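# Fold and contact review
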Amino acid sequence: MNRNFSQILKYISEYYGIKEADILGPSREKNIKMARFVIVYLAREILNFSYPEIGRELGDRDHTTIMHAYKKMGAFLENENFKNEIDEIINNLGIRKRHKNITKNFKITTIPIIKTKQEDISLKKSKIKIEKDYIFDKRIIKRLENVLNLWREGNTLQEVGDKLKLSRERISQLIKKGIQYEVQQLEKDGIKIDYKEYFRNEKLKQKNTRNKIKEENKPPEVPKKSKIKRWSEYYDFCRMCKTTDNKHISHGYCKKCYYKTEQFKEIQRASRLRNKEKWDIRAKKYSKEYINRPEIKEKLKRKRDEECYGGNRELALKRDGYQCTRCHISQQESLNKYGRDLYVVHIKSTTNHSLKNLITLCKKCHSKRIIKIVQSKNNKINKSDKMGDKKR
Ligand SMILES: [Zn+2]
Ligand SMILES: [Zn+2]
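These lines cover the structure that appears in this document, whether it is placed above or below. Keep in mind the model is a prediction, meaning the values are calculated, not measured. (Residues numbered from 1 in each chain as written. Chains lettered and ligands numbered in written order. Predicted model: local features only at pLDDT ≥ 70, side-chain atom pairs only at ≥ 80, totals over all residues. Heavy atoms only, no water.)

## So, a nonpolar patch on the surface
Residues Y286, Y290, I291 and L300 make up a contiguous nonpolar surface patch of roughly 370 Å² in combined accessible area. Broken down by element, the residue count for the nonpolar patch peaks at 3 residues, all from helix α14 (residues 276–291). Within the secondary structure layout, I291 lies in helix α14. Of the residues examined, I291 reaches a relative accessible area of 44% and is grouped as partly exposed. (Patch = residues over 30% accessible without salt bridge, like charges linked within 9 Å, V, L, I, M, F, W, Y side chains within 5 Å. Areas by Shrake-Rupley, 256 points an atom, 1.4 Å probe, with all protein chains shown as cover. Salt bridge = Lys/Arg side-chain N within 4 Å of Asp/Glu carboxyl O. Helix = DSSP H or I, 4+ residues; strand = E, 2+ residues; numbered from the N terminus. Buried < 20%, exposed > 50% of the residue type's maximum accessible area, 1.4 Å probe, protein only.)

In structure tokens form, the structure reads like this:
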């Protein structure tokens, strides 16, 4: 078992008072499960272990179980008390988060992977050949360690190459060799390892370290310059007059041009059709108000005078002293008594607008006159009828 991992296991076992064997065993008891969760979290955060690695260490559990446990811990850690507890454990363990020594000292932290039959096949297919009997010279070993250390610190192949004045390709070869050496050493200790998966794990870890460094060295984000504001969302200037001074209203037209466009007129027409009834009521109301305005009343009066009296009505009224020529009632009295202005009437022809043919009358006298005219007309008709009778 990995030294660092066993250290964590031991500590947690003591901390929670649970036997190590129980933690590694199959028990599903709540406390034991919780201890496992904590170990998973610490192995991941402190030792930078992969899920499969943790799974293997923790009683040969499936990596999905470990992943699940790690995610669960994320939720648990939102609890302030629990987080403090975990922080305390990390402190007591005396291991800094993301343990750097692990990569610096050339100690193998990855847990050897026991070969399965399937992995055997993949190993055969793999392009990388393990030269089992390769004898590593002490100087070569030191060189390999050096390369691997630089690489594990998060340097790219190119960066390692630049430091050691070697080509990128050569560094790649040396890293492979270094890993090979590590595998060989482990196999000497009687641990079987899948070289391919081991290498893959190492690469992944290196990538993680690299990403972390990258993130740490990231310059603070400079707020982006705000985009230059366009005149409208889709247009840089008015489609009709090309201005940008007037406000955009719609369809790329400014407020002066939009209301002249066919588009707007069409919209207006359609809207008017939709709201015809409403508009009719409004129009009626407005016209009523309109004709009751004094200046409009005056205007209409003049217009009527022009049409019906050739503009002589006012003159006729003036001539008659603004009073009825029969009963001499004044204009104001007429308004009070009958609710009507004085009438100016044509004596004979209604097409003759000369002053001689016009006469001022009040309502009553006007009615009387009309009755008289009608009566005389009837008389005439009667007379002519009687005449007709006699003739027969
Ligand atoms: Zn315009
Ligand atoms: Zn009168």
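Moving on from the model shown.
## Digging into unusual backbone geometry
If you check the backbone angles, D60 has positive phi at about 55° while not being a glycine. Position of D60 among the secondary structure elements: in the loop between α4 (51–57) and α5 (63–76). Judged by relative accessible area, which is 62%, D60 ranks as exposed. Phi at Y322 is positive, roughly 50°, even though this residue is not glycine. Mapped onto the secondary structure, Y322 falls in the loop between α16 (313–319) and α17 (331–338). A relative accessible area of 31% means that Y322 is categorised as partly exposed.

## A look at the coordination of the zinc ion (ligand 2)
Protein coordination at the zinc ion (ligand 2): the donors are C324 (SG), C327 (SG), C362 (SG) and C365 (SG), at 2.0 to 2.5 Å from the metal. Coordination of the zinc ion (ligand 2) draws on donor residues from a single chain, spaced C-x2-C-x34-C-x2-C in sequence. The class for C324 is buried, based on a relative accessible area of 0%. (Donors = N, O, S within 2.8 Å, 3.2 Å for Na, K, Ca; no water.)

## Regarding the coordination of the zinc ion (ligand 1)
C238 (SG), C241 (SG), C254 (SG) and C257 (SG) make up the full set of protein donors to the zinc ion (ligand 1), lying at 2.2 to 2.3 Å. For the zinc ion (ligand 1), the 4 donor atoms in the first shell make angles of 102 to 116° at the metal, so the coordination geometry reads as tetrahedral. Look at where the donors of the zinc ion (ligand 1) fall in the sequence and you get C-x2-C-x12-C-x2-C. Here the residue C241 occupies a position in the loop between α12 (195–217) and β1 (248–250), and C257 occupies one in the loop between β2 (253–254) and α13 (262–274), the gap between them amounting to 16 residues. Note on C241: relative accessible area 38%, which makes it partly exposed. (Tetrahedral: all angles 85-135°; square planar, octahedral: opposite > 155°, others 65-115°.)

## Notes on the pairing of strand β3 (residues 343–346)
In β3, alternate side chains face the same way, and those of Y343 and V345 on one face and V344 and H346 on the other are all buried. Bridge count for β3 against strand β4 (residues 358–361) is 4 bridges, and the pairing is antiparallel. Opposite V344, over in β4, you have T360 as the bridge partner. (Pairing = 2+ DSSP bridges.)

## Some details on the pattern of salt bridges
A side chain with one charge can pair with a side chain of the opposite charge if their charged atoms come near. Going through the model one piece at a time under the given rule, you end up with 12 salt bridges. Put simply, R230 and D236 hold a salt bridge, and the shortest N to O gap is 2.9 Å. Given a relative accessible area of 41%, R230 falls into the partly exposed group. On the accessibility criterion, D236 (42% relative accessible area) is partly exposed. Through salt bridges with shared partners, a single ionic network connects R152, E182, E202 and K205.

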